[in-house]
Amino acid sequence: MSSHSHSSSWTSFLKSIASYNGDLSSLTAPPFILSPTSLVEYSQFWGEHPDLLIAPNFIGDKDSYENAANADEIAQDRIIAVTKWFISTLRSQYCSRNESLGSEKKPLNPFLGELFVGKWGDEKLGETVLLSEQVSHHPPVTAYAIFNDKNNVELQGYNGIRASISTTSINVKQYGHAILKFKNLNEEFLITLPPLHIEGLLVASPFVELEGKSIIQSSSGYISVVEFSGRGYFSGKKNSYKARIFKDKAASSNKENALFTISGQWSGKSQIYQGSSTSSKEFSEFYDANAIEPIHLTVKDISQQNNLESRKAWKKVADAIKLGNYDLIHREKSELEQEQRELRKKETESGIKWETRFFEERDLEDLPEAGKKSDPLIGLSNLANLSRKNVVSGTIRGDKEDKTSSSYIHWRFVRENWDKESEIVV
Ligand code: CLR
């Protein structure tokens, strides 16, 4: 229990949650629960293990895969490696505020066009670049690309959330997905984002627990189904998961068809077993989140940043949060929001809409018949039997959500825009 749990500001925050209207950013939270970091920065958590992200690139090569007798083995090793990388991102994504700030916090709500860029340097692997951009303010959507040109590896994705409130927790569903491409291997992966909830509200020390599933679908057909659970579910431990690797979607309908089963905690240790059972004494360690520290990217000093870059734009607000000065936080935030409102007003008056910088919306319905294959979601969602609409991440084709939604619009990285970029540097 945190010392704040009985404070009047926390009690009134809990009350405001109870009358929640669907927009998390509208909740006025007490200063101690505010994070000085904008949500546009959260894309960096996908890249804090650059070696694991790029590792699959070194498993077999395009030719050996297409011709070799051991093609199956190569494809299996690759999806296991992608699963390992995915698991390795979760501690950064969902525990890093608890580790560095003592609890989960309410991030700053990014403004339209806000950018967060940086890079991971590595002598052997070469540079890995992050571009993250707030592509929509209302509802909030962040798009990102993380790429390593030396190895021809590119991860891109976008995400947004919808939250609902129950008596003791905030329940969050994620929209969007990630696509990981290994251009040297001619193989790509679709990754869906799991639902989550926030516990610990009553005692004023919130933390995230994952639930439901993430699907990792390879263009090779192999699929990894990652199931999450918390305390008191299948292992009784917090942050538990079980990942099962199947030959393809059809095989995944029966858990006994699992070729490998990985089980443990994503914030701690997990083990990998051959086959579908985890009772065998024969297993090997899969990943230990605490044994391998995340590598933080390097970001330019604020003095070198563009006005659209997150840390520069939010500096005054972030400083006020660090001081815990409620009035100052409020004043600085209002100033930024007022500027944004004025910008939008000017755009409406002039009829010139804000243009996103590195990402564009792509309507998968509108793609010309011949070019329809040009979006990776089409083939990969076919393989995984997932909806190709813009619905809650991981929605299965034919589900209620899939039937009722009509939007096929997804955010995609436009690499050329980065290649001709002159103002923003990493
Ligand atoms: C954003 C996308 C990242 C993964 C991720 C991690 C934590 C999530 C965040 C996403 C969205 C915003 C979030 C946050 C945890 C808490 C915060 C749900 C999904 C909400 C807005 C804060 C609620 C306020 C309480 C802390 C009191 O890849």
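Thresholds, definitions, all that
- Here the residue numbers are simple positions, counted from 1 along each chain's written sequence.
- With the structure being a predicted model, the display of local features is reserved for residues of pLDDT at least 70 and the display and counting of side-chain atom pairs for 80 or more, all residues being used for whole-chain, interface and lining totals.
- In computing side-chain values, all of the structure's heavy atoms are included and hydrogens and water are not.
- Proximity criterion: a residue is near a molecule or strand once any of its heavy atoms comes within 4 Å of it.
- In the analysis that follows, any N or O atom pair within 3.5 Å is treated as a polar contact, provided that within protein one partner can donate a hydrogen and the other can accept it, and provided that, for residues neighboring in sequence, both atoms belong to side chains.
- Calculation of accessible area relied on Shrake-Rupley with a 1.4 Å probe; when residues are assessed, cover is drawn exclusively from the protein chains displayed.
- Only DSSP runs of H or I reaching four residues or more are called helices, and only runs of E reaching two or more are called strands; each is numbered from the N terminus.
- What counts as a salt bridge is simple: a side-chain nitrogen of Lys or Arg found within 4 Å of a carboxyl oxygen of Asp or Glu.
- In this scheme, a residue with accessible area under 20% of its type's maximum is buried, one over 50% is exposed, and one in between is partly exposed, where area comes from a 1.4 Å probe on protein chains only.
- Nonpolar cores are built from buried Ala, Val, Leu, Ile, Met, Phe, Trp, Tyr and Cys residues. Side-chain atoms within 4.5 Å join them into one set.
- As used throughout, domain bounds are those supplied by an automatic or database domain assignment.
- The contact definition used throughout considers only heavy atoms, calling two residues in contact when any of these lie within 4.5 Å.
- In short, buried area is how much 1.4 Å probe accessible area vanishes from two parts on joining, totalled over both.
- Pairing of aromatic side chains requires ring centres within 6.5 Å, counting the rings of Phe and Tyr and the six-membered ring of Trp. Pairs whose planes differ by under 30 degrees are stacked, by over 60 edge-to-face, and all others tilted.
- Counting as a charge over the ring demands two things of the Lys NZ or Arg CZ atom: a distance within 6 Å of the ring centre and an angle within 35 degrees of the ring normal.

Topic: the site of the ligand
Okay, so step 1: Neighbouring residues of the ligand: 17 residues in total, closest L24, Q93, Y94, R97 and N159.
Okay, so step 2: For the ligand, an oxygen atom lies 2.7 Å from a polar atom in the side chain of Q93.
Okay, so step 3: Calculation on the ligand without its partners gives an accessible area of 600 Å², and the protein chains cover 96% of this total.
Okay, so step 4: Contributions of two or more residues to the shell around the ligand are made by α4 (71-101), β6 (153-165) and β7 (170-182).

Points about the pattern of salt bridges
Okay, so step 1: Counting across every chain of the model gives 19 salt bridges.
Okay, so step 2: One salt bridge in this structure joins E309 and K300, with 2.9 Å as the shortest N-O distance.
Okay, so step 3: A residue is classified by how much of its surface remains accessible, and E309, at 2% relative accessible area, is buried.
Okay, so step 4: Through salt bridges with shared partners, one network takes in R91, E99 and E293.

A look at the nonpolar core
The nonpolar side chains of a soluble globular protein tend to be buried with one another.
Okay, so step 1: In terms of nonpolar packing, the biggest core is built from 89 residues, with W85, F86, I87, L180, Y241 and W266 touching the most fellow members.
Okay, so step 2: Residue contributions to this core peak at ten residues, all from α4.
Okay, so step 3: If you count residues domain by domain, this core takes at least three from each of domain 1 (21-213 + 296-313 + 353-426) and domain 2 (314-350).
Okay, so step 4: Those residues in contact with Y241 that lie beyond four places of it in its chain are I87, V226, E227, F228, I262, S263, G264, Q265, W266, S270 and F286.
Okay, so step 5: Listed in part, the 16 residues of the second largest apolar core include L190, F246, A384 and L386.

Observations regarding the side chain of S38
Okay, so step 1: Mapped onto the elements of the fold, S38 is located in strand β1 (residues 34-38).
Okay, so step 2: With a relative accessible area of 1%, S38 lands in the buried category.
Okay, so step 3: When neighbours within four sequence positions are excluded, S38 is seen to be in contact with L108, P110, E114, S310 and W314.

A closer look at the domain arrangement of the protein
Okay, so step 1: Domain boundaries in the protein define domain 1 (21-213 + 296-313 + 353-426) and domain 2 (314-350).
Okay, so step 2: Taking only C-alpha atoms, the centre of domain 1 and the centre of domain 2 are 26 Å apart.
Okay, so step 3: Contacts between domain 1 and domain 2 engage 19 residues on the former and 14 residues on the latter.
Okay, so step 4: Across the domain 1/domain 2 interface, buried area totals approximately 1,300 Å², and carbon plus sulfur atoms make up 69% of it.
Okay, so step 5: By the criterion of area lost to domain 2, the three top residues of domain 1 are P31, P36 and L108, representing 34% of everything that side buries.
Okay, so step 6: Between domain 1 and domain 2 we count zero salt bridges in total.
Okay, so step 7: The tally of links from domain 1 across to domain 2 stands at five residue pairs in polar contact (both at pLDDT 80 or more).

Quick word on the packing of aromatic side chains
Okay, so step 1: In total, this model carries 14 aromatic pairs according to the counting rule given.
Okay, so step 2: Between F147 and F413 the ring centres are 5.6 Å apart and the planes differ by 20°, which places this aromatic pair in the stacked class. Of this pair, F147 sits in strand β5 (residues 140-148) while F413 sits in strand β18 (residues 409-413), placing them 266 residues apart in sequence.
Okay, so step 3: Since its relative accessible area comes to 7%, F413 is described here as buried.
Okay, so step 4: With a centroid separation of 5.6 Å and 40° between ring planes, the pair formed by F359 and F413 is classed as tilted. Separated by 54 residues along the polypeptide, F359 in strand β17 (residues 359-363) and F413 in strand β18 bring together distant segments of the chain. Each member of the pair, F359 together with F413, is buried.
Okay, so step 5: A connected cluster of aromatic rings, assembled from ring pairs, spans F147, F358, F359, F413 and W418.
Okay, so step 6: When the ring centre of F286 is taken as reference, the NZ or CZ atom of K84 above it lies at 5.3 Å.
Okay, so step 7: One residue, R415, lies across the ring of F147, its end atom 4.5 Å from the ring centre.

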